[in-house]
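# Coordinate analysis (summary)
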Amino acid sequence: MQKLSLGRMSAICMIALGGFAPVTAYAETFTHEMGEVSFETTPTRFAASNWSLTESLLALGIDPVAIPESDAYRLWVVEPELPANFADLGTRREPNFEALRESKPDAVLISSEVAMAYDKLSEYAPTLVYSIYNTNADQPALDRAETLLRNLGKLTGKSDTAETVIASVNDRIKAAGERIRASVGDDATFAIVRILDDAHFRIHGKNSLFGSVMARMGFANAWTGDVNGWGFHNGDVSDLAKLGDVQFAHVEPVPPAAKTKLFNSAIWKAMPFARNGHVYEVASSWTFGGVISGARFAEQLADAVIATNGS
């Protein structure tokens, strides 16, 4: 009889017992703004508390199972398109807990504006906090939006997709910047404003989403004053008067009555940018979005500039 070596006998025993070997569970841990969460398997079903999180999941090819204020998302955010089916999570500041429970998420994604509900939300599913805005950090919103997308890429096992999306967004922003530059030159200074009524305005600073997109395109921001945690200054007509002859881009929608009253006023007509025809009406763009919103704003701005000045 052929004798088996000790090594061969060990190998045979390992093969024979392999089907009965214990499997060690592996939990991956993810750090977020309010702690850590561990998952035994990669989560696939997400409830998102706001539109920047919704947008970012969709950019990764993941359809959220619960979304807030979907009709308004379609009006303001637009891109990426929402899926056909999802639970209505209520408002962005007051989640519908019943809808959340019925959607059976693997994880809930929120930002700082609803962090007070963190413990309650965590009763339904592991909850992670990732914020772009109102973070008290002196970092451009577009940079923070990229960080958020990368964090979600790690969480969902789609890091490569996140990098592909970020590269595509930067290509879109660069192309839009080249279109604008061909129309107004290399040294243009822009004011990006939301008209609230005929006397009150949101003027976006350099670290806002719109301001950080402008910076990435290589254009200066006309507003260098203070801003709030969301990246804009609540201003009035006197603030507009300080801007000088800039490229003035106002983002729709604007209440029609307010627009008519403002644009027909003597003080508006005296503004250098109004006298010189440097006023651009930018189609609806979401102020507090993720990287896709940044790219879309860049393209909407380029369209507005070219529609007024030509290329």
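Structural notes, computed from the coordinates. (Residues numbered from 1 in each chain as written. Predicted model: local features only at pLDDT ≥ 70, side-chain atom pairs only at ≥ 80, totals over all residues. Heavy atoms only, no water.)

What follows covers the overall build of the chain. Per the secondary structure count, the chain includes 13 helices and 13 strands. Over its C-alpha trace the chain gives a radius of gyration of 25 Å, far above what one expects of a compact globule, namely 19 Å for 311 residues. With the principal axes as the frame, the chain shows a C-alpha extent of 105 × 45 × 35 Å. By the burial criterion, 47% of the 311 residues in the chain qualify as buried. In the chain, once contacts between residues fewer than 6 apart in sequence are set aside, the share between residues at least 24 apart is 63%. Taken as two groups, the 27 positive and 37 negative side-chain charges of the chain have centres that lie 3 Å from each other. (Helix = DSSP H or I, 4+ residues; strand = E, 2+ residues; numbered from the N terminus. Rg over C-alpha atoms; globule rule 2.2 N^0.38 Å. Buried < 20%, exposed > 50% of the residue type's maximum accessible area, 1.4 Å probe, protein only. Contact = heavy atoms within 4.5 Å. Lys, Arg positive; Asp, Glu negative; His and termini not counted. Charge placed at Lys NZ, Arg CZ, Asp CG, Glu CD.)

Here we come to helix α7 (residues 159–184). With 26 residues, α7 extends 37 Å between its outermost C-alpha atoms, agreeing within 8% with the 38 Å of an ideal straight helix rising 1.5 Å per residue. The inward-facing, buried residues of α7 abut α2 (51–59), α6 (141–156), β8 (189–195), α8 (209–217) and α13 (291–309). Downstream of α7 by one or two residues, Gly185 has phi in the positive range, about 95°. (Expected span 1.5 Å × (residues − 1).)

A few words on the packing of α7 against α8. Two numbers describe how α7 lies on α8: the axes approach to 9 Å, and their chain directions differ by 70°. Considering the angle they form, α7 stands roughly perpendicular to α8. Residues Asn170, Ile173, Ala176, Gly177, Ile180 and Arg181 of α7 form the contact with α8, whose participating residues are Val213, Arg216 and Met217. Residue classes in the contact of α7 with α8 are distributed as five nonpolar, two polar and two charged. (Axes fitted to C-alpha atoms, helices over the stretch in contact; angles between N-to-C directions. Parallel < 35°, antiparallel > 145°, perpendicular 65-115°, else oblique. Nonpolar A, V, L, I, M, F, W, Y, C, P; charged D, E, K, R; others polar.)

Right, let's talk about the nonpolar core for a bit. Membership of the largest hydrophobic core comes to 61 residues, with the highest contact counts inside it found for Leu109, Leu128, Phe190, Met217, Phe297 and Leu301. The greatest single-element share of this core, amounting to nine residues, is contributed by α13. Residues within four places of Leu109 in sequence aside, it is in contact with Phe46, Ala47, Ala48, Ser49, Leu53, Leu57, Leu128, Tyr130, Leu152 and Leu155. (Core = buried A, V, L, I, M, F, W, Y, C linked by side-chain atoms within 4.5 Å.)

Before going further, it helps to spend a moment on α2. Judged by how many residues are buried, α2 sits mostly within the fold: nine of nine residues are covered. Residues of α2 that are buried include every one of Trp51, Ser52, Leu53, Thr54, Glu55, Ser56, Leu57, Leu58 and Ala59, and no others. Gly61 occupies a position one or two residues after α2 and carries a positive phi of about 85°.

Attention now goes to the pairing of strand β2 (residues 35–39). Pairing of strand β1 (residues 28–32) with β2, which is carried by five bridges, proceeds in the antiparallel orientation. Looking at β2, one finds that Thr31 is bridged to Glu36. Once β1 ends, the chain turns through two residues before running back antiparallel as β2. (Pairing = 2+ DSSP bridges.)

Attention now moves to unusual backbone geometry. Note that the residue after Glu79, namely Pro80, is joined by a cis bond; omega there is -5°. The residue Pro80 is located in the loop between α3 (70–76) and β5 (87–88) in this model. Here the amide bond leading from Glu252 into Pro253 is cis, since omega sits at 0°, within 30 degrees of zero. Turning to its location among the elements, Pro253 is positioned in the loop between β12 (247–251) and α10 (256–263). Phi at Val78 is positive, roughly 75°, even though this residue is not glycine. Note on Val78: relative accessible area 32%, which makes it partly exposed. Phi at Lys104 takes a positive value of approximately 50°, unusual for a residue other than glycine. In this structure, Lys104 sits in the loop between α4 (97–103) and β6 (107–110).

All right, on to the packing of aromatic side chains then. Two aromatic rings, taken as a pair, are described by how far apart their centres are and by the angle between their planes. Summed over all chains, the structure comprises 17 aromatic pairs. Measuring from ring centre to ring centre gives 6.5 Å for Phe190 and Tyr280, while their planes differ by 40°; the resulting arrangement is tilted. With Phe190 in strand β8 and Tyr280 in strand β13 (residues 279–282), the pair connects residues that are 90 residues apart, well separated along the chain. A centroid spacing of 5.4 Å and a plane angle of 70° characterise the contact between Trp268 and Phe273, whose relative ring orientation is edge-to-face. The exposure class assigned to Trp268 is buried, which follows from its relative accessible area of 7%. Put simply, the rings of Trp51, Tyr73, Trp76, Tyr133, Trp230, Phe232, Trp286 and Phe288 pair up and form one aromatic cluster. Just above the ring of Phe97 sits the side chain of Lys120; from NZ or CZ to the centre is 5.6 Å. (Phe/Tyr/Trp six-rings, centres within 6.5 Å; stacked < 30°, edge-to-face > 60°. Lys NZ or Arg CZ within 6 Å of the ring centre and 35° of its normal.)

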